[in-house]
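# Notes for the structure review
One letter stands for each residue in the lines below.
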Amino acid sequence: MNNMDSMDRTTATNFTVLFMFLNLLFWTFVWEPVANTLHLSTLCQLALFQVILFLLPTVVYLYFTKSSPKQILRLNRLSLKNIILVTCIAITIQPAMALLSFLSSFLFKNNVSATLTANSNSNIILLLISLAIVPAICEEFFFRGVVFYNFRNLRLKKACCITGFYFALMHMDLQQMAYTFAIGVFFCFLVYRTDSIYSSILAHFVINGSQTVYTAILAHLKKQGILSAILNLLAPKGEFHSIITLFLFSLPFFIGFLWIFCKTNTAPSVLTEQGFPAYRPNRKCKETPYDLFFYATIAIYVIAAVTPLLF
């Protein structure tokens with residue numbers, strides 16, 4: 001943050017994330033009576049929750065720090081070539097996400113699938129707005145905008161991993177932990193290479209949007225009574241076999257698109273206030289993400305997401 005005399009940028013960012021988690025914990029307990037009072041539909045609740053939890057703190061941060069939204073959020077134009085590449089990468093990375101999700105489902109209940117299925121009969125436009133467009137904007141502005149930008153005094157791998165870790169914790173779901181961490185790290189890489197938040201927003205939208213449409217199609221086929229026949233045709237050897245097959249098929253395409261992306265977008269060399277390149281600090285930089293606020297955030301996650309599973 002620009003005017004933080006009492007703490008360095010990384011510590012201030014951890015404090016910001018901790019505040020967000022406390023806000024999440026607060027709304028977790030009071031949201032249901034508020035939503036019932038306002039008579040909001042489930043989809044409206046999901047969208048409004050995103051705005052309150054992520055977009056509002058981002059706006060407050062920018063206002064009180066007098067920061068430039070264009071700089072902090074990296075509101076830089078994304079070229080047509082990058083739009084195509086990011087879209088292709090977001091499509092071909094999904095089988096890997098599906099594999100991680102499937103493996104996690106052996107240990108924990110897949111609440112996301114249940115939520116998508118429960119709302120799959122809603123209007124597809126409303127589904128895309130609440131489950132794809134709003135989360136892609138709100139979550140990316142906060143995590144790949146405010147958080148990732150302010151970790152630029154850390155080395156790139158550490159900045160990406162800590163941001164991805166916070167992104168995974170935010171979902172408050174152990175079943176989602178593995179693939180949300182992986183995708184959160186990868187979104188940071190996209191933003192770093194393109195120097196544009198629009199790359200991660202686009203990837204986030206494509207992933208959420210395609211999953212939403214896929215679930216809606218399955219619900220329609222089930223309603224028509226032909227879902228079982230189609231699944232037997234497409235996955236005769238079971239779900240795991242089909243996921244592995246799709247993963248192996250998509251992997252060369254993902255690697256190819258990623259290679260072209262890296263060739264198109266070289267690593268930037270923007271300097272920080274300390275005079276060294278962002279995400280490549282010199283040895284004199286002592287900032288660390290492992291502080292009281294970092295561990296307090298983990299404690300909140302354990303209390304809110306892990307402890308209930310034990311009782």
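Residues numbered from 1 in each chain as written. Predicted model: local features only at pLDDT ≥ 70, side-chain atom pairs only at ≥ 80, totals over all residues. Heavy atoms only, no water.

A few words on the nonpolar core. If you look at the biggest cluster of nonpolar residues, it comprises 66 residues, and the most contacted ones within it are Met20, Phe21, Phe54, Phe143, Phe148 and Tyr166. When residues of this core are assigned to their parent elements, the largest contribution, 10 residues, is made by helix H7 (residues 124-149). What Phe54 contacts, discounting residues up to four positions off in sequence, is Met20, Cys138, Glu139, Phe142, Phe143 and Met170. (Core = buried A, V, L, I, M, F, W, Y, C linked by side-chain atoms within 4.5 Å. Buried < 20%, exposed > 50% of the residue type's maximum accessible area, 1.4 Å probe, protein only. Helix = DSSP H or I, 4+ residues; strand = E, 2+ residues; numbered from the N terminus. Contact = heavy atoms within 4.5 Å.)

With that settled, the discussion passes to a nonpolar patch on the surface. Where nonpolar side chains cluster on the molecular surface, the patch consists of Ile124, Ile125, Leu126, Ile129, Ile133, Ile137, Phe205, Val213 and Ile217 and spans about 690 Å² of accessible area. By residue number, the principal contributor to the nonpolar patch is H7, which donates six residues. (Patch = residues over 30% accessible without salt bridge, like charges linked within 9 Å, V, L, I, M, F, W, Y side chains within 5 Å. Areas by Shrake-Rupley, 256 points an atom, 1.4 Å probe, with all protein chains shown as cover. Salt bridge = Lys/Arg side-chain N within 4 Å of Asp/Glu carboxyl O.)

With 13 residues, helix H4 (residues 80-92) should cover 18 Å at 1.5 Å per step; its first-to-last C-alpha distance of 19 Å lies within 8% of that length. Among all positions in H4, only Asn82, Leu85, Val86, Ile89, Ala90 and Thr92 are buried. Where the residues of H4 are buried, they touch helix H5 (94-104), helix H9 (177-194), helix H10 (197-224) and helix H12 (239-264). (Expected span 1.5 Å × (residues − 1).)

Here we take up the environment of Asn265. Mapped onto the secondary structure, Asn265 falls in the loop between H12 and helix H13 (292-310). Once the C-alpha coordinates of Asn265 and Val134 are considered, the two residues, 131 residues apart in sequence, prove to be 27 Å apart. With residues near it in sequence (within four places) discarded, Asn265 still touches Asn82, Arg193 and Thr194. A polar atom in the side chain of Asn265 sits 2.7 Å from the side chain of Asn82. (Polar contact = N/O pair within 3.5 Å; in protein donor to acceptor, adjacent residues only side chain to side chain.)

Nothing here speaks to function; it is all geometry.
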